Amino acid sequence: MSVIKVAILGFGTVGEGVYKTIQSHAEELEGLLGKKVVVAAVLIRNKQKKRNIDNDVLITSDFNEILSLPQLDVIVEAIVDKEPPYTFLKQAIQKGCHVITANKEMFAHHGNELLMLAEKHHVSVGYEATVAGGIPVIQTLRQLLNVNRVSHVQGILNGTSNFILTEMREKKQSFASALSLAQAKGFAEADPTNDVEGYDAFYKTMILSRIAFGDEPNWEDVEREGITSISSELIEAAERLNLRFKHIASISKVGGQLKAAVKPALVGKSHPFYSIEGVENAVNVQSDIVGSITLQGPGAGMFPTASAVIEDLVFVCQDQPTNKNFKLTTTPAFSKEIQEDVKEFWLIHGLSKNYRNPSIVFVSKDTEETAIIQATREEIDTLMNQQKARCYFQILGEHERAYKNDDVTIAVL
Ligand code: NDP
Ligand code: HSE
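How each quantity is defined
Along each chain, numbering runs from 1 in the same order as the chain's sequence is written. Just so you know, chain letters begin at A and ligand numbers begin at 1, following the order they were written in. In view of the model being predicted, local features appear only for residues whose pLDDT reaches at least 70, and side-chain atom pairs are presented and counted only at 80 or more, with totals across whole chains, interfaces and linings using the full set of residues. For side-chain calculations, the full set of non-hydrogen atoms in the structure is used, while hydrogens and water are omitted. Helix and strand labels come from DSSP, where a helix needs a run of H or I of at least four residues and a strand needs a run of E of at least two; each type is numbered from the N terminus. Accessible area is worked out with a 1.4 Å probe on protein chains only. A residue is then buried under 20% of its type maximum, exposed over 50%, and partly exposed in between. Only the stretch in contact is used when fitting a helix axis, every axis being a line fitted to C-alpha atoms; angles between N-to-C directions are given from 0 to 180 degrees. Rotating anticlockwise by less than a right angle from the far helix to the near helix defines a left-handed crossing, while the corresponding clockwise rotation defines a right-handed one. We call two residues in contact whenever any of their non-hydrogen atoms come within 4.5 Å of each other. Here the term charged refers only to Asp, Glu, Lys and Arg, the term nonpolar to Ala, Val, Leu, Ile, Met, Phe, Trp, Tyr, Cys and Pro, and the term polar to all other amino acids, Gly among them. We call a set of buried Ala, Val, Leu, Ile, Met, Phe, Trp, Tyr and Cys residues a nonpolar core when their side-chain atoms join them within 4.5 Å. The domain limits used here are those given by an automatic or database domain assignment. When we say a residue is near a molecule or strand, we mean one of its heavy atoms is within 4 Å of it. Whenever a nitrogen or oxygen atom comes within 3.5 Å of another N or O atom, the pair is scored as a polar contact, on the condition that within protein one atom can donate a hydrogen and the other can accept it, and that pairs from neighbouring residues in sequence are kept only if both atoms are in side chains. Note on areas: these come from Shrake-Rupley sampling with a 1.4 Å probe, and a residue is covered only by the protein chains present in the view. In this analysis the probe radius is 1.4 Å and the grid spacing 1 Å, with only protein atoms considered; a cavity is a set of points the probe fits into but cannot get out of, a pocket is an open set with protein on both sides within 12 Å along at least five of seven lines, and lining residues have an atom within 4 Å of a point. A molecule is said to be in a cavity or pocket once over half of its atoms fall within 2 Å of that pocket's grid points.

Participant: Whenever I open this one, unusual backbone geometry confuses me. Can you help?
Facilitator: Following Glu83, the chain continues to Pro84 via a peptide bond in cis, the omega torsion being 10°. For Lys172, which is not a glycine, the phi torsion comes out positive at approximately 55°. Tracing the chain through its elements places Lys172 in the loop between helix H7 (159–170) and helix H8 (175–184). The phi angle at Gln387 is positive, at roughly 55°, despite the residue not being glycine. Within the secondary structure, Gln387 sits in the loop between helix H13 (377–385) and strand E16 (391–396). According to the relative accessible area criterion, Gln387 is exposed, its value standing at 69%.

In structure tokens, the structure reads:
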């Protein structure tokens, strides 16, 4: 029986997970594809490291050795940075291989070029693992929500950040020790700045934007903020007000233009993201026919990511046309109007003592310094410009008025 030959680029958390899963699920793969899937080669950087890889697999740090193999059907890329992965995948496609990538930084920058090149060479590109780890959000958006017009996508897209925020709140861990644990568990990027400063979630958001809206906002216009400003003190104050910090990515079409942001926000108990804890991710999609749906699941780690890659492996080997799926033309989406004067809920911290503004509604106070207010964006900007507070965070969703301290409920100061 003929075989499907696979090369895996990178043998870290993801590459090793893919290798082990090809072995552990050999029967299922053979049953689905009618051929045995064989790992022919693994690319690594450090040849001295001991690895648990069978003797008949080529282990090399020279990509040309992999490209020169007499048969190669699929290349799985699980290394880091934009280069050399982009060049490797271009060469693989030109040689007629299907490619699968987990590398969102590379794919956010070069996904379109790879997809077009693949179309030209009649091969497929799988990239499910680039967004939200094991959650099949890309296949869901491109296969199952094709006719729906998407109006808004919101998600928790970085497992490391969500893990750190949960550890800090539940176990009173410091930021640094929670990050070390996320690294030890294989959740964090090689450079964890990508996780905690919001770059990783930003890249994922741009990939989702292309699938959901057929386009991306200007990268420079996207507000990007990570979780490094969230102190234990803030997390505890929020908890006393029945709120949790989450790192949230959102994309919507506002006034005909795509608008995206990646930043921390607060959610109350009624919000679908309130119970998304630890390394979990979630993606909420709002569209015209189905309404609102939320997918949730593990957002990082060896086997959740291997699951996304392996499902792509079957998909590309069955010659599914994945390349049509970065829509190159924009489908008409709902367009929200900009409503500048809507009062939203905010947690505000470091408030000047005795601050008075008749138009701002104080909903609840934790301490003199931390309060929930209702205000327009403009009012918040004015307050910050006047340096009347240290920081503020939006509270998403319908805000519950389940406060512990009745005497501070809804008071206009
Ligand atoms: P790791 O740091 O654990 O592993 C990276 C692997 O790539 C190592 O084996 C390393 O070799 C190899 N490598 C790095 N640079 C090169 C190079 N230039 N040439 C050859 N080999 C190279 O990373 P992860 O497995 O965590 O992540 C891999 C990719 O998958 C990243 O793009 C990441 O963003 C993405 N991803 C990660 C997830 C996760 O949960 N960790 C989830 C989803 C996507 P050596 O072993 O010799 O050092
Ligand atoms: N570092 C990433 C995260 C890996 O924590 O979400 C999954 O993409």
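Following the structure, the description resumes.
Participant: Looking at this structure, how should I read the packing of helix H5 (residues 104–120) against helix H10 (residues 199–213)?
Facilitator: Each pair of packed helices can be described by the angle between their axes along with the distance between the axes. For the pair H5 and H10, interaxial distance at closest approach is 8 Å and the crossing angle is 35°. Of the two elements, H5 crosses H10, and the hand of that crossing is left-handed. Facing Lys104, Glu105, Phe107, Ala108, His109 and Asn112 of H5, the residues of H10 in contact are Asp200, Tyr203, Lys204, Ile207 and Arg210. Considering only residue class, the contact of H5 with H10 consists of four nonpolar, two polar and five charged.

Participant: Can you walk me through the side chain of His98 in this structure?
Facilitator: Positionally, His98 belongs in strand E5 (residues 98–101). Relative accessible area serves as the criterion here: at 11%, His98 is assigned to the buried category. If we ignore the near neighbours within four places in the chain, the residues touching His98 are Asp73, Val74, Ile75, Val123, Ser124, Val316 and Asp319.

Participant: Sorry, what's going on with the nonpolar core here?
Facilitator: It is characteristic of soluble globular proteins that their nonpolar side chains tend to be buried jointly. Counting residues in hydrophobic clusters, the biggest one holds 55 residues, and the most contacted among them are Ile66, Ile75, Val137, Leu141 and Leu208. Top contributing element to this core by residue count: H10, with nine residues. Split by domain, the residues of this core number at least three in each of domain 1 (3–126) and domain 2 (149–298). Apart from the residues lying within four places of it in its own chain, the contact partners of Ile66 are Ala7, Leu9, Ala41, Val42, Leu43, Leu58, Thr60, Leu72 and Ile75. By size, the runner-up hydrophobic cluster in this structure holds 28 residues, among which are Ile8, Tyr19, Val74 and Ala308.

Participant: How do you make sense of the site of ligand 2 when you look at a structure like this?
Facilitator: Near ligand 2 you find 13 residues, and of these Lys104, Thr160, Phe187, Glu189 and Asp195 are the closest. A distance of 2.5 Å separates an oxygen atom of ligand 2 from a polar side-chain atom of Lys104. Within the contact set of ligand 2, a nitrogen atom lies 2.7 Å away from a backbone nitrogen or oxygen of Phe187. Its free accessible area being 250 Å², ligand 2 has 93% of it covered by the protein chains. Comparing atom positions with the cavity grids shows ligand 2 to sit within the second largest pocket.

Coordinates in, geometry out; function isn't part of it.
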